[in-house]
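Analysis of the macromolecular model
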Amino acid sequence: MRRTTALMAIVCLGFLALNAQAQKKKPTPTPTPAPIEQDDVVRVSTELVQTDVMVFDKEGKFVSGLQREQFELVVGDKPQPISFFESVVTGGRSEETVLRAASGKKASPAAGVDESASDRGRTILFFVNDLHLEPGSLARTHKTISNFIDHMLGPNDQVAITSASGQIGFLQQLTNNPAVLRAALDRLNMVPGATPDTQRPYMSPYAAYLIVERHDRELFEAYIDQTLKANSMPPSDRPIAASMVEQRTRTMVRQSDAAVKNALSSLVNLMRVTSKLPGRKLVFFISDGFMPNFTGSDFTAMMDRATSIANRSSVVIYSIDARGLTTDSMFDASNGGGFDPSGIMQSRLSGERTFMQEPLHALAADTGGRAVLNSNDLTGGIARALDETSRYYLLAWRPENDAQRASNFKKIKIRITDRPDLKVQLRRGYLGAPPEKSKATVQPTSVETTDVLGVTESSSEELRAAVAL
């Protein structure tokens, strides 16, 4: 246990440094496609590659007790024999040993785990995308995570609360100390610039995207009409109003792209750090959704990088729309949008909510998780995710070529041959190989997770002093 907590302390410090470095980077007005990093494709030196799957019945309950012969594995449209099969409990005492065995590596006494030790617990991280979180959503996020701390935190779980902006600071650490987690949650506040647009007529980033990137001329003209009306401008000032709308839309798209880039960069940093932790990890990505600018930015490459690193780091992402049940922005009376007799604005913006949720769908689907959308029961969504990810099946097979050895290979299908009614949920990519352990990492140590704060769990007075900083 001390060995695990020492590693987690190092990981937390590493994430803080990476997150701080990411926030120092100034977003460029016109992002250019980023080159694919070398670590987006990993050469696996072992003979076996592996993937984790979850199987659910029609009621959404995990189906246990399935056997190897019931699974059919198809890789690149070709059936493949399953070389390794095991049912795994997340955070169980044998999980790391099973993962190493599935990759074709024998777990030596130094590299394995102590089978006599108790379960190490789950690794759970809350990634709050506070760069895309409105005040009402922030309040729901506070309530949801607080309920988790009070009612769902396990005795051996290691949990961290992190944010895209890095505002939580040194409290972004893995721990199972409720006081530290509550102190981290208290530091989660509104980020300047994340509030809705206050100009009139109201304009969302999606509307700006349609005008700038999709060249929607009718919507552009409709906003000119509304700008004239909102500012009591005469018809002769239409060229001025057109210039105002054009400048406003370009600024909004540029700011949106920069916020998305910063959020995904922070997520990538978190994925890199979690790769050092053993076993499968669960990440809750909490956000109001954000705009996927497919045409004017390197959004697709950034998303692919995030999900690829998550898959190699054995991370499952469950994305949560913190808005709960809402309507599209144009139909929200609180925005105070003007009446549009043409109906153009309403018709064009009716798909905004679905469009902004596309990244939430993609992050979850590509990593084997789910997207919790259009629901006010965020706490229930957290509870279901914890239950769903508590167990999984681990499969491994022998790759036939270098393409199949790459962890971002996505042409894989799995089904249960004698149970067509069951749903198989899997990531679009492979699990990364467990990190090698050096002799130094397996030596006994007295460092605890909370030493990052300079306190011990038993020192309540020092803890109160630390969290008051």
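These notes cover the structure that comes with them. Model, not experiment: these values are computed from the prediction.

Some remarks on the overall build of the protein
Within the protein, the regular secondary structure consists of 13 helices and 12 strands. The proportion of buried residues among the 469 residues of the protein is 52%. Across the protein, contacts joining residues at least 24 apart in sequence account for 80% of those joining residues at least 6 apart. Summing over all exposed atoms, the protein offers an accessible surface of approximately 20,900 Å²; the carbon and sulfur share of this is 53%.

Section: the packing of helix H7 (residues 238-274) against helix H8 (residues 299-312)
The geometry of H7 relative to H8 is characterised by a closest axis approach of 9 Å and an angle of 20 degrees between their N-to-C directions. Relative to H8, the element H7 is oriented roughly parallel. Handedness of the crossing formed by H7 with H8: left-handed. Contacts between H7 and H8 involve Val260, Lys261, Leu264, Leu267, Val268, Met271 and Arg272 from the former and Phe299, Met302, Met303, Arg305, Ala306, Ile309 and Ala310 from the latter. When its residues are assigned to classes, the contact of H7 with H8 shows 11 nonpolar, no polar and three charged.

Some details on helix H10 (residues 352-366)
Over its 15 residues, H10 runs 22 Å from end to end, which matches the ideal 21 Å to within 8%, given 1.5 Å per residue. A bend of about 35 degrees at Glu358 is the largest found in H10, and the proline Pro359 appears one to four places after it. Where H10 terminates, the next one or two residues include Gly368, which has phi positive at roughly 85 degrees.

Re empty space enclosed by the protein
Per the counting criterion, the structure on display carries three cavities of 30 Å³ or more. Within this model, the largest cavity holds a volume of roughly 80 Å³. Around the largest cavity sit Thr90, Arg122, Thr123, Ile124, Arg280, Lys281, Leu282, Val316, Leu386, Thr389 and Ser390, which together line it. Of all the secondary structure elements, the ones that give two or more residues to the lining of the largest cavity are strand S5 (123-128) and strand S7 (281-287). The class makeup of the residues in the lining of the largest cavity is four nonpolar, four polar and three charged.

Section: the pattern of salt bridges
Inspection of every chain in the model, using the stated rule, returns 17 salt bridges. The residue Arg370 makes a salt bridge to Glu388 at a minimum N-O spacing of 3.3 Å. Within this pair, whereas Arg370 is found in the loop between H10 and strand S9 (371-372), its partner Glu388 is found in helix H11 (residues 378-388), the two being separated by 18 residues in sequence. We note a salt bridge from Asp387 to Arg391, for which the minimum N-O separation is 3.7 Å.

As for the pairing of S7
Among the seven residues of S7, seven are classified as buried, and the element is accordingly described as predominantly covered. Sheet topology note: the S5/S7 ladder contains six bridges and is parallel. Within S7, the residue paired with Ile124 across the bridge is Leu282. Bridge count between S7 and strand S8 (residues 315-321): seven bridges; the pairing is parallel. Within the sheet, the bridge partner assigned to Leu282 lies in S8 and is Val316. In the classification by handedness, the crossover that spans S7, the intervening H8 and the parallel S8 is right-handed.

A word on the packing of aromatic side chains
Inspection of the entire model under this criterion finds 14 aromatic pairs. Taken together, a centroid distance of 5.4 Å and an interplanar angle of 15 degrees make the contact between Phe127 and Phe285 stacked. Residue Phe127 is found in strand S5, and its partner Phe285 is found in strand S7; the two are separated by 158 residues along the sequence. Exposure remark for Phe127: the relative accessible area of 0% places this residue in the buried category. An aromatic cluster of three or more residues is present, and its members are Phe127, Tyr206, Tyr209, Phe285, Phe290, Phe294, Phe299 and Phe355.

Quick word on the sheet that holds strand S11 (residues 412-416)
The strand order across the open sheet formed by three strands is S3-S2-S11, and the pairing between neighbours is antiparallel. Each end of this open sheet is capped by a strand with a single partner; those strands are strand S3 (78-80) and S11. Strand-to-strand twist across the sheet, computed as the mean angle between neighbouring axes with direction ignored, equals 30 degrees. Bridge count between strand S2 (residues 71-75) and S11: five bridges; the pairing is antiparallel. From the neighbouring strand, Phe71 faces S11, where its bridge partner is Ile416.

Thoughts on the side chain of Arg248
Residue position: Arg248 is located in helix H7. The class for Arg248 is buried, based on a relative accessible area of 11%. Those residues in contact with Arg248, other than ones at most four positions away along the chain, are Asp197, Gln199, Arg200, Pro201, Tyr202 and Met203.

A few points about the nonpolar core
The biggest cluster of nonpolar side chains holds 63 residues, and the ones touching the most others in it are Phe71, Phe126, Phe148 and Phe284. Among the elements that line this core, the one with the most residues is strand S10 (residues 391-397), at six residues. Grouped together as the second largest cluster of nonpolar side chains are 30 residues, Phe127, Leu264, Val268 and Leu277 included.

A word on the sheet that holds S7
By definition, the strands of a sheet pair up through backbone hydrogen bonds, in either a parallel or an antiparallel sense. Spatially, the five strands line up as an open sheet ordered S6-S5-S7-S8-S9, and their pairing is parallel. Edge positions in the sheet fall to strand S6 (158-163) and S9, since each has one partner strand and no second. In this fold helix H3 (residues 135-151) packs onto S5, S6 and S7, with an angle of close to 170 degrees to the strand it touches most, S5.

About the criteria used
- Throughout this document, residue positions are counted from 1 along each chain, in the order its sequence is written.
- pLDDT decides what is reported in this predicted model: residues at 70 or higher carry local features, side-chain atom pairs at 80 or more are listed and counted, and totals for whole chains, interfaces and linings draw on all residues regardless.
- Side-chain metrics rest on all non-hydrogen atoms present in the structure, leaving aside hydrogens and water.
- By the criteria applied, helices consist of DSSP H or I runs no shorter than four residues and strands consist of E runs no shorter than two, each listed in order from the N terminus.
- Three exposure classes are used, based on accessible area relative to the maximum for each residue type with a 1.4 Å probe and protein chains only: buried under 20%, partly exposed in between, and exposed over 50%.
- In what follows, residue pairs with any heavy atoms lying within 4.5 Å of each other are defined as contacts.
- Note on areas: these come from Shrake-Rupley sampling with a 1.4 Å probe, and a residue is covered only by the protein chains present in the view.
- Inter-axis angles, ranging from 0 to 180 degrees, are taken between N-to-C directions of lines fitted to C-alpha atoms, where helices are fitted over the stretch in contact.
- Angles below 35 degrees are treated as roughly parallel, those above 145 as roughly antiparallel, those between 65 and 115 as roughly perpendicular, and all remaining angles as oblique.
- Each crossing gets its handedness from the near helix: less than a right angle anticlockwise from the far helix is left-handed, clockwise is right-handed.
- Nonpolar residues are Ala, Val, Leu, Ile, Met, Phe, Trp, Tyr, Cys and Pro. Charged residues are Asp, Glu, Lys and Arg, and all others, Gly as well, are polar.
- Every helix has an expected span of 1.5 Å times one less than the residues it contains.
- A residue's bend is given by the angle between axes fitted to the 7 residues ending at it and the 7 residues starting at it.
- Only protein atoms enter the calculation, which uses a 1 Å grid: trapped sets of points that fit a 1.4 Å probe without letting it out are cavities, open sets showing protein on both sides within 12 Å along at least five of seven lines are pockets, and any residue with an atom within 4 Å of a point is a lining residue.
- Grid points are joined across faces, edges and corners, and a volume is the space filled by probe spheres set on the points.
- Any carboxyl oxygen of Asp or Glu that lies within 4 Å of a side-chain nitrogen of Lys or Arg is treated as forming a salt bridge with it.
- For two strands to pair, DSSP has to find at least two bridges joining them.
- A right-handed crossover is one whose linking path, passing over the helix from the first strand to the second, runs clockwise when the strands point away from the viewer.
- To pair, rings of Phe, Tyr and Trp, with the six-membered ring standing in for Trp, must have centres within 6.5 Å; the planes then decide the type, stacked if under 30 degrees apart, edge-to-face if over 60, and tilted in the middle.
- Nine residue types can take part in a nonpolar core, namely buried Ala, Val, Leu, Ile, Met, Phe, Trp, Tyr and Cys, and a core is a set of them joined through side-chain atoms within 4.5 Å.

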